[in-house]
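Coordinates in review
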Amino acid sequence: MDANPGMQDVLSADAHIVTLGLGTRSYDIVIGGGLLAQSGALISKRLGAVKCAIVTDENVAEAHLDTLLGALDANCPHAGTISLKPGETTKSFSELAPLCERLLAAGIERGDVVIAFGGGVVGDIAGFAASILRRGVSLVQIPTSLLAQVDSSVGGKTGINTAQGKNLVGTFHQPRLVITDTDLLASLPERQFRAGYAEIVKYGLLGDIEFFNWLEKSRAAIFERGPELARAIETSCRAKAAIVAEDERESGRRALLNLGHTFGHALEGFAGYSGRLLHGEAISIGMALAFEYSNEAGLCGGQDAGRAIAHFRAAGLPVEISQIPGDTPSPGALMDLMAQDKKVSGGVPAFILVRGIGEAFIESGVDMENMQRFLARKCSGK
Ligand code: GLY
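First things first, this report covers the structure right here in the doc. (Residues numbered from 1 in each chain as written. Predicted model: local features only at pLDDT ≥ 70, side-chain atom pairs only at ≥ 80, totals over all residues. Heavy atoms only, no water.)

Describing the pattern of salt bridges
Here the structure, examined in full by the defined rule, presents 21 salt bridges. Here arginine 238 ties to glutamate 234 by a salt bridge, and the two come within 2.6 Å at their closest N and O atoms. Remark: glutamate 234 and arginine 238 occur in helix α8 (residues 227-246); sequence separation between them is four residues, near one turn of the helix. Taking the relative accessible area as the measure of exposure, arginine 238 reaches 42% and is therefore partly exposed. In this structure glutamate 234 comes out as buried when scored by relative accessible area, which is 13%. Lysine 378 is paired through a salt bridge with glutamate 320; the nearest N and O atoms lie 3.5 Å apart. Of this pair, lysine 378 sits in helix α13 (residues 368-379) while glutamate 320 sits in the loop between α11 (302-314) and α12 (331-338), and the two are 58 residues apart along the sequence. (Salt bridge = Lys/Arg side-chain N within 4 Å of Asp/Glu carboxyl O. Helix = DSSP H or I, 4+ residues; strand = E, 2+ residues; numbered from the N terminus. Buried < 20%, exposed > 50% of the residue type's maximum accessible area, 1.4 Å probe, protein only.)

So this is what it looks like as structure tokens:
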């Protein structure tokens, strides 16, 4: 289903639209170069005349805010910009409260729009604020990092972190539109780009071996930020849209999108959600661990595990716990952190394991003693 048949009128021929089908809440993910400068026209085409408040971070504001402000026209007047501190620690209760109050002070009403203009952190906290402000206002995502473009801006998950773990407080609040300007990635620092690439690889590993085969051939061109990059983003968004359309609230299949995340979130928690370990780096290690564990459990052949891990290594991503800079976690600490995972049931976390590349499945009955022994080996670098 096309969320807005008229959208193509305001787009250049090389832009692509992926529609996330959720009945009356369906929306478009518009992907292409130069879209930021068209965002006002795209928003009013989709939402009519609306007042827009922008939530961003200081780095994105410095690089791109002028372009977005220039794109907002009389149909979507600018109600104010709130610029947050960059970094995962911004996703907290203490930042959420003033954000909501500033949006209210900017006069954002039920019919208005919050634009989440940034990476995953901005998308998650701005989305959460939009979902609770006046019991829910419209949200438009304009993701600026590769990770946000291929994952967090799509699918409606919002949230903040607490002392107990990552994303443990939040809502499902679907955006009305996602505007993905691939030109914004030209200036993305290499480390951030690599971290976002881990999420692209995830879609191949979890359910699409053809895509993984293509990534093996196209990785260098993607990192050069050639036309293959837009294709990789579009394929990732299509894969995510198909899964979310089937299981919006993660009662089943959507959990597959967490391949590598049970391990990865625990590693991020250990590293203090800091620049020491980016989310994409954590899930790269997490996906490598999922393949190794699956291989050791006799579920997945060693050749597939080796191929997956080799691909992350070739992309310059970490695959071992020992590659985290600084001290190494104890297996007990990781087990405690995993016990707080969102997918925990009866104190036992669910893991996404694999039968091969493109064949992920949800395993809720992992033997936690085996897991502790596995992690003890991995933490000691074996
Ligand atoms: N990032 C996983 C999800 O959106 O379900």
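Remarks on the nonpolar core
Counting 76 residues, the largest nonpolar core has Leu146, Tyr197, Leu205, Phe263, Ile321, Met371 and Leu375 as its most contacted members. The greatest single-element share of this core, amounting to nine residues, is contributed by helix α10 (residues 279-296). With near-sequence residues (within four places) excluded, leucine 205 lies in contact with Phe212, Leu259, Met287, Phe291, Ala308, Phe312, Gly356, Ile357, Gly358, Glu359 and Ala360. With 27 residues, the next largest nonpolar core counts Ile17, Leu35, Leu47 and Ala61 among its residues. (Core = buried A, V, L, I, M, F, W, Y, C linked by side-chain atoms within 4.5 Å. Contact = heavy atoms within 4.5 Å.)

Side note on the side chain of glutamate 248
Position of glutamate 248 among the secondary structure elements: in the loop between α8 and α9 (261-270). Note on glutamate 248: relative accessible area 14%, which makes it buried. Among the polar contacts listed, one links the side chain of glutamate 248 to the side chain of arginine 25, at a separation of 2.9 Å. For glutamate 248, the side chain forms a polar contact with the side chain of glutamine 174, separated by 3.1 Å. (Polar contact = N/O pair within 3.5 Å; in protein donor to acceptor, adjacent residues only side chain to side chain.)

Considering the site of the ligand
Near the ligand, the surroundings consist of Asp151, Lys157, Lys240, Glu250, Arg254 and Leu257. Contact distances for the ligand include 2.7 Å between an oxygen atom and a side-chain N or O atom of arginine 254. Protein contacts shield 90% of the accessible area of the ligand, which totals 190 Å² for the unbound molecule. Of the residues belonging to the shell around the ligand, the class tally is one nonpolar, no polar and five charged. (Near = heavy atom within 4 Å. Areas by Shrake-Rupley, 256 points an atom, 1.4 Å probe, with all protein chains shown as cover. Nonpolar A, V, L, I, M, F, W, Y, C, P; charged D, E, K, R; others polar.)

Some thoughts on α11
Across its 13 residues, α11 extends 18 Å between first and last C-alpha, which sits within 8% of the 18 Å expected from 1.5 Å per residue. Ala305, Ala308, Ile309, His311 and Phe312 are the residues of α11 that are buried. Projected onto a plane normal to the axis of α11, the buried residues spread over an arc of 155° and lie on a single side. Buried residues along α11 sit against α6 (190-207), α7 (209-223) and α10. In the stretch just after α11, glycine 316 is the one whose phi turns positive, near 80°. (Expected span 1.5 Å × (residues − 1). Arc of directions from axis to C-beta.)

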